[in-house]
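# Understanding the architecture of this molecule
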Amino acid sequence: MAAHTVVDVGGMARPSGQLDAAAALRPHAGLLGVRAAAHLLRRAGFGGTPDEIARFAVMTAADAAASLVRMPPANAVAPPPELTAVALGRPANRNIIRDVQLWWLGRMLTTPAPLQEKMTLYFHGHFTSRATPRFPWITYNQNALLRRYALGNLRELTRDVSKDAAMLIYLDGNVNVAAHPNENYARELMELFTLGVDEYTEDDVRESARAWTGWRVDRRDDSVSFNPALHDAGIKQFLGRRGDFDGDQIVDIIFEQPQCARFFAGGLLNWFVYNDPEPPLVESVAQLLRKHDFELSPVVEAILRSEVFHSDRAYRALVKSPVEFVVGSYKTLGLGAMDIGVIDALQQMGQRLFFPPTVAGWPGGANWLTSGTMIARQNFLSRLLNSQTANGSSWLGNLSLHPTTAAQRVAQNVLQDDVAPAALHEIDAFLSGTGSAALAELSVENFQQRSSGAVYLAMATPAYQLN
Amino acid sequence: MRRRNFLLGTTAGLALVANPDHVFARALAQAPLPGLPGAEDRCLVIVNLYGGNDGLNCVVPHGDDRYYQLRPALAIAKSAVLAIDGRVGLNPGMRAIKRLYDQGRVAIVQGVGYPNPDHSHFRSTEIWQTAAPDRYVHTGWLGRYFDETAIAQTNLFRGVSVSKVLPEVMVSDRTDVPAISGLRQYNMIADDSSSSRDAYAAQARDRRLPFRSPYLAHVMEIESDAQRSSEELPKLVAGYVPKATYPSNGIGRSLALAAQIVGSNLGTRAVYVEHGSFDTHVSQQKTQNNLLAQLSEAIGAFYDDLVAHGNEKRVLILTFSEFGRRIEENGNSGTDHGEASPLFLIGGGVHGGIYGAYPDLALADTGNMGNVRFTTDFRSVYATVLERWLGRSPEGVLGGEFSTLPVLA
């Protein structure tokens, strides 16, 4: 295959080939099969166990998408117990944030509604805030807010996240008062959260900042309140409109801009389908968003069942984020709980939950991969597959003692057969003991070590880095 | 596949064999790589004093009475200051750096900062590392420097970060910069033994995959980089014998590794190391004096090591910190987040001395939230390093023109 990769300046690469824009959002017909089911579960969640993949394989794309967007109410989710032991607002042990990270990773692994966590992760990278470890409840509360809106209304989410304590602290809304307006939030609201650069003027930023004045966080109990005395109630001129706007009205005006739907459409396509989506595809999804008044559920469902989502161009067209890589590995093995060691491993791979590198979130795409982060990924796999944890796999212990059969099963469960012949041959040779090092044949005695080694070999292949 | 050995625990008894025919080893065995005139052999070692180093207790304005008035608990006694002139001197822990200063090897630039200072560690660190105070960019200024210089694309060590996590300053679009916290850590566990490289290479090159991905070639390239660099690095630097005694602490180990890398002719142009945390809101003196003493001792050893290997003219140290601290001490014998602070350039190619305006402590009363106002834009320092040390026109990297300082010979 000729090298067709052109990683652009931002590290985001669009697949080669032509988009059929007219057909892109039509529902994909027929039963999914194993590869498409695994693709769907990787994108809409964090991958699937072999059993979950088999269950989705016999569904149509439409039925599978419909089942994925059904989710339990987020208020049924209980906070991490380590956190409930801490009084609200009380400066806490800084390590509690690790407990919250691990709790969230555990939810990603075990939730019956993985799309809920996948959207929460999406919003965490979109409406970013950085944790203040001394105030872990503020971080948790924002996480819970994002989860409540996982497939909710984007306009309402934008209004609420603007007044969220973590956001008010992170982007200085907390110190934005009529006498000294602070433009930080007003700028990012448009530049990074809803419209993109060059869609507004500096005057719009200033006027919006005035509209957002008056929101305060009380550090004693993490509560947020509006203080009219600190609010600028005067007339503002914003994106061509004039009035005594408050923050909610600013959001409403932003969402009336045609660009707003395009901005979110581009984000969703980058997250679910492929990077750098073509403008006509972005516009089709933007139209859907407008049609549904920014309700996400029908739009995400339409994306997940679409022809473009199930096209060859979208298949393995994204780079796994560290969280997808780590949670997906536990999922693939059919493990039941995350280990605390993954927190450090994730940091070395470049993704610390609640600590995005910039207000623009994690840049993604090719930016995830450097030799350092690649070593961290491979060493994470080494440690996992040499640990007692791997023994908890739902299927590793049931592999055949026949090396070729076992190798094929590993390639299927880990890679859905996206494996080059030379790599499959190596796995087979490894299991049968006929490789370049002299090994014993696969036997009951060496079975456990040899089978987890075979999984390591499969996970160390290039395809496994791709989502 | 060489990873199998680790998995089977058969590593014992397998000798590690260097492979002189390896394409990568050959590339590096060549003479230092060609660059721009006068700069081809030079390296920048950038030291991040993270947490916000208090400039006033580092380069102490011992000639200014206001310093002693505003810091009754924290001020460094006049008698303890390592005086440079009648106005300023160094923190008493910085004896080794003072020795280098007296040899003319240290330039101190006072009052370095940027317009509209941000008091958040996170954002201000980002600003110093990306050199973009007015916008958000995902590449660092050294990352953009790597991207702009087309030299030595085959070289995996043009930039090296001595850290667990790649810092933003080294993030680039086209250059793979390894983050190496130590030689022992920069290692693929599964590759601890190596008996069948060819088998792995054949497997890794096999692109007969039933899908296309815009990232597949990139993944393969990075996997190959990671394998080769982690395998080759220990061998490539093995011949270097340190000729100084480094302190046995984090910054000592980091600078020892930096000396080993720059002394092994890998074509490395920039190395990042970090030291901290200088976030001294509480009981500052003990913490900061200790950190500065560690830094000074490590830099002293590093410089001696460079001299012993004839490398001192090839290597420039540049320190930075995301901000200085408030002029007035707080109620906890500490200081809160401030603005401008001094930075150090150290090396055989430095014009020693004090540069930039002395800090105006009257600002504590007259506004600016009681902070030292910046008088030298940090991008002027970067422009100086790019143009006068790395031999690169700074406009493209910094996105604008900035005056340079006469700190380099």
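The text that follows walks through the structure, step by step, so that each part is easy to find.

The next subject is the packing of aromatic side chains. This model, assessed by the stated rule, comprises 26 aromatic pairs over all chains. On the basis of an interplanar angle of 20° and a centroid distance of 5.9 Å, the ring pair of B:W128 and B:F320 is categorised as stacked. Residue B:W128 is located in helix 5 (residues 121-130), and its partner B:F320 is located in strand 8 (residues 315-320); the two are separated by 192 residues in the primary sequence. The class for B:W128 is buried, based on a relative accessible area of 3%. Ring geometry for B:W128 against B:Y382: centres 6.4 Å apart, planes inclined by 75°, an arrangement best described as edge-to-face. Of this pair, B:W128 sits in helix 5 while B:Y382 sits in helix 12 (residues 378-389); the two residues are 254 residues apart in sequence, bridging distant segments of the chain. By the burial criterion, B:W128 is buried, and B:Y382 matches it. Taken together through their ring pairs, the aromatic side chains of A:Y122, A:F123, A:F127, A:Y185, A:F193, A:W212, A:F255, A:F263, A:F264, A:W271 and A:F294 make up a single cluster. Geometry around A:F135 places A:R219 over its ring, the cationic atom sitting 4.7 Å from the centre. When the ring centre of B:Y358 is taken as origin, the NZ or CZ atom of B:R87, which lies over that ring, is 3.7 Å away.

All names here are of chain A. Here helix 19 (residues 403-415) is 13 residues long and its end C-alpha atoms lie 17 Å apart, about the 18 Å a rise of 1.5 Å per residue gives. For helix 19, the full list of buried residues reads P403, A406, A407, V410, A411, N413, V414 and L415. Where helix 19 is buried, its residues touch helix 2 (50-57), helix 16 (322-333), helix 20 (421-432) and helix 21 (447-459). Q416 occupies a position one or two residues after helix 19 and carries a positive phi of about 50°.

Turning our attention to the packing of helix 20 of chain A against helix 21 of chain A. Residues and elements named next belong to chain A. Where helix 20 contacts helix 21, the axes come no closer than 10 Å and their chain directions differ by 165°. Looking at the two axes, helix 20 sits roughly antiparallel to helix 21. For the crossing formed where helix 20 meets helix 21, the hand is right-handed. In this structure, helix 20 contributes E426, I427, F430, L431 and S432 to the contact, and helix 21 contributes R450, S451, G453, A454, L457 and A458.

This paragraph deals with the pairing of strand 1 (residues 215-218) of chain A. Along any regular strand the residues' side chains alternate between the sheet's two faces. Residue and element names in this part refer to chain A. Here strand 1 shows a buried face lined by W215 and V217 and an unburied face lined by R216 and D218. Pairing analysis gives four bridges linking strand 1 to strand 2 (residues 223-226), with the strands arranged antiparallel. Note on strand 2: the bridge partner recorded for R216 is S225. In textbook terms, the turn of a hairpin is the stretch between consecutive antiparallel strands, and for strand 1 and strand 2 this stretch comprises four residues, one of which, D222, has a positive phi near 65°.

Turning to the side chain of A:H126, a few remarks are in order. All names here are of chain A. In this fold, H126 is placed in helix 6 (residues 114-126). At 2.8 Å, the side chain of H126 forms a polar contact with the backbone oxygen of F193. Among all residues touching H126, those that are not within four sequence positions of it are L192, F193, F263 and F264.

For the structure shown, the criterion picks out 35 salt bridges over all chains. One salt bridge in this structure joins B:R66 and B:D64, with 2.9 Å as the shortest N-O distance. A residue is classified by how much of its surface remains accessible, and B:D64, at 13% relative accessible area, is buried. Between B:D304 and B:R99 there is a salt bridge, and its shortest N-O distance comes to 3.4 Å. Remark: B:R99 occurs in helix 4 (residues 95-102) and B:D304 occurs in helix 10 (residues 284-308); sequence separation between them is 205 residues. Judged by relative accessible area, B:R99 falls into the partly exposed class, the value being 33%. Here the residues in one salt-bridge network are A:R35, A:R316 and A:D418, joined through shared partners.

The next point concerns the interface of chain A and chain B. Between chain A and chain B, the contact holds 72 residues from the first and 52 residues from the second. Carbon and sulfur atoms make up 63% of the area that chain A and chain B hide from each other, which totals about 5200 Å². One can count zero salt bridges joining chain A with chain B. Inspection of the region where chain A meets chain B yields eleven residue pairs in polar contact (both at pLDDT 80 or more). Secondary structure elements with two or more residues in the side of chain A that touches chain B: helix 10 (184-194), helix 17 (341-349), helix 18 (371-385), helix 20 and helix 21 of chain A. The element that contributes the greatest number of residues to the side of chain A that touches chain B is helix 18 of chain A, accounting for eight residues. Classifying every residue of the side of chain A that touches chain B by side-chain character gives 35 nonpolar, 25 polar and twelve charged.

What counts and how
- Residues numbered from 1 in each chain as written.
- Chains lettered and ligands numbered in written order.
- Predicted model: local features only at pLDDT ≥ 70, side-chain atom pairs only at ≥ 80, totals over all residues.
- Heavy atoms only, no water.
- Phe/Tyr/Trp six-rings, centres within 6.5 Å; stacked < 30°, edge-to-face > 60°.
- Helix = DSSP H or I, 4+ residues; strand = E, 2+ residues; numbered from the N terminus.
- Buried < 20%, exposed > 50% of the residue type's maximum accessible area, 1.4 Å probe, protein only.
- Lys NZ or Arg CZ within 6 Å of the ring centre and 35° of its normal.
- Expected span 1.5 Å × (residues − 1).
- Contact = heavy atoms within 4.5 Å.
- Axes fitted to C-alpha atoms, helices over the stretch in contact; angles between N-to-C directions.
- Parallel < 35°, antiparallel > 145°, perpendicular 65-115°, else oblique.
- Left-handed = near helix turned anticlockwise from the far one by under 90°.
- Pairing = 2+ DSSP bridges.
- Polar contact = N/O pair within 3.5 Å; in protein donor to acceptor, adjacent residues only side chain to side chain.
- Salt bridge = Lys/Arg side-chain N within 4 Å of Asp/Glu carboxyl O.
- Buried area = accessible area lost by both parts, 1.4 Å probe.
- Nonpolar A, V, L, I, M, F, W, Y, C, P; charged D, E, K, R; others polar.

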